[in-house]
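# A structural walkthrough
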Amino acid sequence: IIKAVANGRNVYRNIRNAIRFLLSGNTAGILGVVYASLMALPQPFQAVHLLFINLLTDSLPAIAIGMEPAEKDLLKEKPRDPKESILTKDFVINILVQGTLIAVCTMAAFHIGLRGGDAALASTMAFATLTAARLFHGFNGRSHHSIFRIGFSGNWYTLWAFLAGMALLNLVLFVPILQGLFSVTPLNLEQVGTVYLFAVIPTVMIQIVKVIKE
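Anyway, here's the lowdown on the structure attached to this text. (Residues numbered from 1 in each chain as written. Predicted model: local features only at pLDDT ≥ 70, side-chain atom pairs only at ≥ 80, totals over all residues. Heavy atoms only, no water.)

## A few points about the overall build of the protein
Defined as follows: The secondary structure listing takes helices from DSSP runs of H or I that are at least 4 residues long and strands from runs of E that are at least 2 residues long, numbered from the N terminus. Within these notes, the globule rule equals 2.2 Å times the number of residues to the 0.38 power, and the radius of gyration is based on C-alpha atoms. Buried residues are those whose accessible area, probed at 1.4 Å on protein chains only, stays under 20% of the maximum for their type, while exposed residues exceed 50% and partly exposed ones sit between those limits. All accessibility values rest on the Shrake-Rupley procedure with a 1.4 Å probe; residue burial counts only the protein chains present in the view.
Helix and strand content of the protein: nine helices and zero strands. Traced from its N-terminal end to its C-terminal end, the protein shows the element sequence α-α-α-α-α-α-α-α-α. Scaling as 2.2 N^0.38, a compact globule of 214 residues should have a C-alpha radius of gyration of about 17 Å, and the protein matches this with 18 Å. Seen along its three principal axes, the alpha-carbon backbone of the protein occupies a region of about 60 × 35 × 30 Å. Here the protein holds 214 residues, and 45% of them are scored as buried. For the protein, the exposed surface amounts to about 11200 Å²; the carbon and sulfur share of it is 71%.

## A word on the environment of Arg13
For clarity, the threshold we go by: The contact rule is simple, with two residues in contact once any of their heavy atoms fall within 4.5 Å. By the criterion applied in these results, polar contacts are pairs of N or O atoms within 3.5 Å in which, for protein atoms, one can donate a hydrogen and the other can accept it, and in which residues neighboring in sequence qualify only through two side-chain atoms.
Relative to the assigned elements, Arg13 resides in helix H1 (residues 2-38). Separated by 33 residues in the primary sequence, Arg13 and Gln46 place their C-alpha atoms 34 Å from one another. Dropping the residues within four chain positions of it, Arg13 is found in contact with Glu68, Pro69, Ala70 and Glu71. Only 2.7 Å separates the side chain of Arg13 from the side chain of Asn10, close enough to count as a polar contact. A polar side-chain atom of Arg13 sits 3.0 Å from a polar atom in the side chain of Asn14.

## Structural notes on the pattern of salt bridges
Should the charged atoms of two oppositely charged side chains come close, the side chains can pair. Here is the rule: One side-chain nitrogen of Lys or Arg within 4 Å of one carboxyl oxygen of Asp or Glu is enough to make a salt bridge.
Enumeration over the complete set of coordinates arrives at three salt bridges. Between Asp58 and Arg134 there is a salt bridge, with its nearest N and O atoms 2.3 Å apart. Residue Asp58 is found in the loop between helix H2 (47-57) and helix H3 (59-66), and its partner Arg134 is found in helix H5 (residues 119-140); the two are separated by 76 residues along the sequence. Taking the relative accessible area as the measure of exposure, Arg134 reaches 3% and is therefore buried. Its salt-bridge partner being Glu68, residue Arg142 comes within 2.9 Å of it at the nearest N-O pair. Of this pair, Arg142 sits in the loop between H5 and helix H6 (147-150) while Glu68 sits in the loop between H3 and helix H4 (89-116), placing them 74 residues apart in sequence. Classification of Glu68 by relative accessible area gives buried; the value is 4%.

## A closer look at the layout of surface pockets
The criterion, for reference: Grid points spaced at 1 Å and placed over the protein atoms alone form the basis of the search, with a cavity being a set where a 1.4 Å probe fits but cannot get out and a pocket an open set showing protein on both sides within 12 Å along at least five of seven lines. Lining residues have an atom within 4 Å of a point. Grid points are joined across faces, edges and corners, and a volume is the space filled by probe spheres set on the points. Classes in brief: Ala, Val, Leu, Ile, Met, Phe, Trp, Tyr, Cys and Pro nonpolar; Asp, Glu, Lys and Arg charged; the others, Gly included, polar.
Of the volumes computed, that of the largest pocket is approximately 1100 Å³. Contributing to the lining of the largest pocket are 29 residues, with Arg16, Asn17, Arg20, Phe91 and His144 lying nearest its centre. The set of elements that each furnish at least two residues to the lining of the largest pocket consists of H1, H4 and helix H9 (189-213). Of the residues assigned to the lining of the largest pocket, the class counts are ten nonpolar, eight polar and eleven charged.

## A closer look at the packing of aromatic side chains
Stated formally: For Phe, Tyr and Trp, where Trp contributes only its six-membered ring, two rings pair if their centres lie within 6.5 Å, and the inter-plane angle classes them as stacked under 30 degrees, edge-to-face over 60, or tilted in between.
With the rule as written, the count across this model stands at five aromatic pairs. Both rings, one in Phe52 and one in Phe182, keep their centres 5.3 Å apart while their planes meet at 75°; by these two values the pair is edge-to-face. Of the two residues, Phe52 is situated in helix H2 and Phe182 in the loop between helix H8 (176-181) and H9; the sequence distance between them amounts to 130 residues. The class for Phe52 is buried, based on a relative accessible area of 3%. Where Phe139 meets Phe162, the ring centres are 5.2 Å apart and the plane angle is 50°; that geometry is what we call tilted. Here Phe139, found in helix H5, pairs with Phe162, found in helix H7 (residues 156-174); they are 23 residues apart in sequence, far enough to count as distant. The pair formed by Phe139 and Phe162 is uniform in burial state, with each residue classed as buried. Ring-pair connections join several aromatic residues into one group, and the members of that group are Phe136, Phe139, Phe152 and Phe162.

## What about the nonpolar core?
Applicable threshold: To qualify as a nonpolar core, a set must consist of buried Ala, Val, Leu, Ile, Met, Phe, Trp, Tyr and Cys residues joined through side-chain atoms within 4.5 Å.
Counting 34 residues, the largest nonpolar core has Phe127, Leu130, Phe162, Leu169, Val172 and Leu187 as its most contacted members. Broken down by secondary-structure element, the contributors of at least two residues to this core are H1, H2, H4, H5, H6, H7 and H9. Counting residues per element, this core draws most heavily on H5, which supplies twelve residues. Apart from the residues within four sequence positions on either side, Leu169 is in contact with Phe52, Phe127, Ala128, Thr131, Ala132 and Tyr196.

## Here we look at H1
Stated precisely, the cut-off is as follows: Between the first and last residue of a helix there are one fewer steps than residues, each counted as 1.5 Å, and that sum is the expected span.
An ideal rise of 1.5 Å per residue puts 54 Å on 37 residues; H1 measures up with 53 Å between its terminal C-alpha atoms. Taken from the residues just after H1, Ala40 is the one with a positive phi, measuring 55°.

Treat this as a map of the structure, not an account of what it does.
Written as structure tokens, this is what we have:
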């Protein structure tokens, strides 16, 4: 019975974490598009960009999050209300905050692209930033604890998912044939550094908050 309760709690927790990861990432994309529309800016993402994110780089971390093993303190938590919805107030607020952080950093890279070139460059930087940010965000989705507490050894799938996603992103950014297929323009070293800097900022901020709460 104890093992069944632990497994049930872990499955439910992993489902919630995967939903939080997916919805916060999609919220970032939506907010970016809405912001660009309200500010009369060029379109930040092409349709093929969103397909790439949702079908390739989003699915890998979400599956990895579903493989997260049970934490040691799982049975110390109070039983949840069986009538409680998955989308609680705190859960939704958490999604919106995380999504907004990713969106702000994505659009910051977008504006830098606009200043440094044209709409195509800005779109490429926004796409790359959002994709990389959501890959980094996969580590946030593993637990409400910080990555420093849970480590990587408990779930190597998240690390492999991150590396696979980053490899796919870099292939699209740097292989000429794929650049044309996915509507991206070549980036110089400074622009690539800007993309990855803004991509990692949301995860750093979220992890800092988790450490403080612990």
